[in-house]
Amino acid sequence: MTTYIVTELTDRLADPAWVAATTDAPGNALRTDTQDITLWTPAGLSDGHPALALLYAELSAGDAALREHAHAHLQAALASTAPRPGGGLFGGLTALAFAAHAAAAESGGYQTMLTQLDQAISRECRALAARDRARIADGQAIGGWSGYDVPVGVTGVGRYLLARHQSTGNQDVLAALEDVLATLVDIARADDVDLQGRRMPAWWNHHDTAGTPAEGQGGHLNFGMAHGVGGPLALLALAWQAGVAVPGHEEAVLRILSLMRKWRLDDESGPFWPYSVTVDGPSPAGRYREVWCYGAAGIGRALFLAGTALDDASWRETAHDALRGAFTIALTGHSRIRDAGLCHGWAGLLQIAARMAFDTGDPYYAETADEFAVRLEKAYDPEAPFGFRYDYPGSIRPLDRPGYLEGAAGIALALHCHATGRPPVTGWDAPLLIS
């Protein structure tokens, strides 16, 4: 069944024009109090052509004929809109660049385009790093997700730069990567900042827990893998393992781990971390969602990477405890999982379990991955244009999404990895900071 679903999605997602038109159809939108937000962003990695190019780049390792579909989606991304600066790994130049990097890893092409993109991304990243390091040096908190997170911040872009450095050895790319790492080190090592009479870490961002700018000195310390300290921890660990280190690197990892130790919570299922911490304490007080973007599943993987990088058995054990608890909660139905995607659904859990199985050889993780794959098989809807639908609270109707983070391409990639029983050829799961 898994192979059948991957084959079906491979056939359905091949035509760039049809995918774009289906996603951009009237009613296929998120609804807010003031407007309907369309999902399709042609040059984005979340719901855009680069996500589809990433899928076909990985699949073409087993079927070279599929390279033409990767190329078609890359061309469509370039033709439909000019990739914009900024936007982190999931929007703008870096989204297109990562998809092209994946296609090049399999086919060897796109070198001229990648060279140009690397130059532009490196320049922009170094400028942003200089801005943010100055902010931290001035005694301020980082202030917003763009300063550090995975989807829109420097951590996601840093993961791309690490992949490119490992692929090319380019010194300009390395310099930009080192600036990103130095920014994260500065935040981790900075003195706490004063917030309404309380001292809080410099990771503080001035948004409420939904991402809306907060009034006054409101905001929160975020513990998610997507928008919190888990992503920077994972990048610092991955860079360390790859032999790329900056002054204060190890101390920064230890500082983040100390933060994890301070705010760790425990229940009958094991350790977990709050969704966020406001000036009033953890919010919410208990578990929220045990998936990639938030909860002990994504954080557990970050802790495993950190424990491996530092060769610290105690943190690896904490990681195993956190992951087993998160997976148990998900499989026994006591979680808030609403969809099949990588971000906050079954596919993300499947890929985390797969990576743990590859890294440890522990049959528990392989067996758990099998169970997550079954959940995805049950969620498959052959009547849906992209095979899966998403009934979000903020949607006009169940949504059809073709992309990476919350859509069919990401699900197909996770199922394909499970079916082949080997790590990705293109490193397609690197944007999740789990590898």
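Since the structure is predicted, the reported quantities are computational estimates derived from the model, not experimental observations.

Conventions adopted
- Residues numbered from 1 in each chain as written.
- Predicted model: local features only at pLDDT ≥ 70, side-chain atom pairs only at ≥ 80, totals over all residues.
- Heavy atoms only, no water.
- Pairing = 2+ DSSP bridges.
- Helix = DSSP H or I, 4+ residues; strand = E, 2+ residues; numbered from the N terminus.
- Expected span 1.5 Å × (residues − 1).
- Buried < 20%, exposed > 50% of the residue type's maximum accessible area, 1.4 Å probe, protein only.
- Contact = heavy atoms within 4.5 Å.
- Core = buried A, V, L, I, M, F, W, Y, C linked by side-chain atoms within 4.5 Å.
- Domains from an automatic or database assignment.
- Buried area = accessible area lost by both parts, 1.4 Å probe.
- Salt bridge = Lys/Arg side-chain N within 4 Å of Asp/Glu carboxyl O.
- Polar contact = N/O pair within 3.5 Å; in protein donor to acceptor, adjacent residues only side chain to side chain.
- Nonpolar A, V, L, I, M, F, W, Y, C, P; charged D, E, K, R; others polar.

## Some thoughts on the sheet that holds strand S8 (residues 276-278)
1) Next: On the basis of which strands lie adjacent, the open sheet formed by 3 strands has the order S5-S8-S9 and antiparallel pairing. This sheet does not close on itself; its edge strands, each paired only once, are strand S5 (221-222) and strand S9 (281-283).
2) Next: Both S5 and S8 contribute to a ladder of 2 bridges, which runs antiparallel. The partner of Asn 222 across the bridge, within S8, is Ser 276.

## Concerning helix H9 (residues 230-241)
1) Next: Look at H9: 17 Å from first C-alpha to last across 12 residues, which is about the 16 Å you get at 1.5 Å a residue.
2) Next: For H9, a buried count of 10 out of 12 residues is recorded, marking the element as mostly surrounded by other parts of the structure.
3) Next: On its buried face, H9 sits against helix H7 (154-168), helix H8 (171-189), helix H10 (249-263) and helix H11 (296-309).
4) Next: Looking at the residues trailing H9, positive phi occurs at Gly 243, about 85 degrees.

## With respect to the nonpolar core
1) Next: Residues Leu 161, Trp 203, Phe 223, Trp 292, Phe 327 and Tyr 404 are the most contacted members of the largest nonpolar core, which totals 153 residues.
2) Next: Looking at which domains feed residues into this core, each of domain 1 (1-85 + 347-434) and domain 2 (110-318) gives three or more.
3) Next: Contact partners of Trp 203, with chain neighbours within four places excluded, come to Ile 142, Tyr 148, Leu 184, Ile 187, Ala 188, Leu 221, Val 229, Pro 232, Ile 256 and Leu 259.

## Here's the deal with the domain arrangement of the chain
1) Next: Taken domain by domain, the chain holds domain 1 (1-85 + 347-434) and domain 2 (110-318).
2) Next: Its C-alpha centre places domain 1 at a distance of 25 Å from the equivalent point of domain 2.
3) Next: Domain 1 puts 16 residues into the contact, and the matching count from domain 2 is 19 residues.
4) Next: For the domain 1 and domain 2 pair, buried surface summed over both sides reaches about 1500 Å², with 75% attributable to carbon and sulfur atoms.
5) Next: When the buried area of domain 1 at its contact with domain 2 is split by residue, Ile 352, Leu 433 and Ile 434 rank highest and sum to 38% of it.
6) Next: Counting across the interface, domain 1 meets domain 2 through 1 salt bridge.
7) Next: Residue Asp 359 is joined to Arg 301 by a salt bridge in which the shortest nitrogen-to-oxygen separation is 2.7 Å.
8) Next: Viewed at the interface, domain 2 and domain 1 are joined by 4 residue pairs in polar contact (both at pLDDT 80 or more).
9) Next: Elements with a minimum of two residues in the side of domain 1 that touches domain 2: helix H4 (67-80) and helix H13 (346-360).
10) Next: The dominant element in the side of domain 1 that touches domain 2, judged by the number of residues it contributes, is H13, at 6 residues.
11) Next: Looking at the side of domain 1 that touches domain 2 residue by residue, the class counts come to 12 nonpolar, 2 polar and 2 charged.

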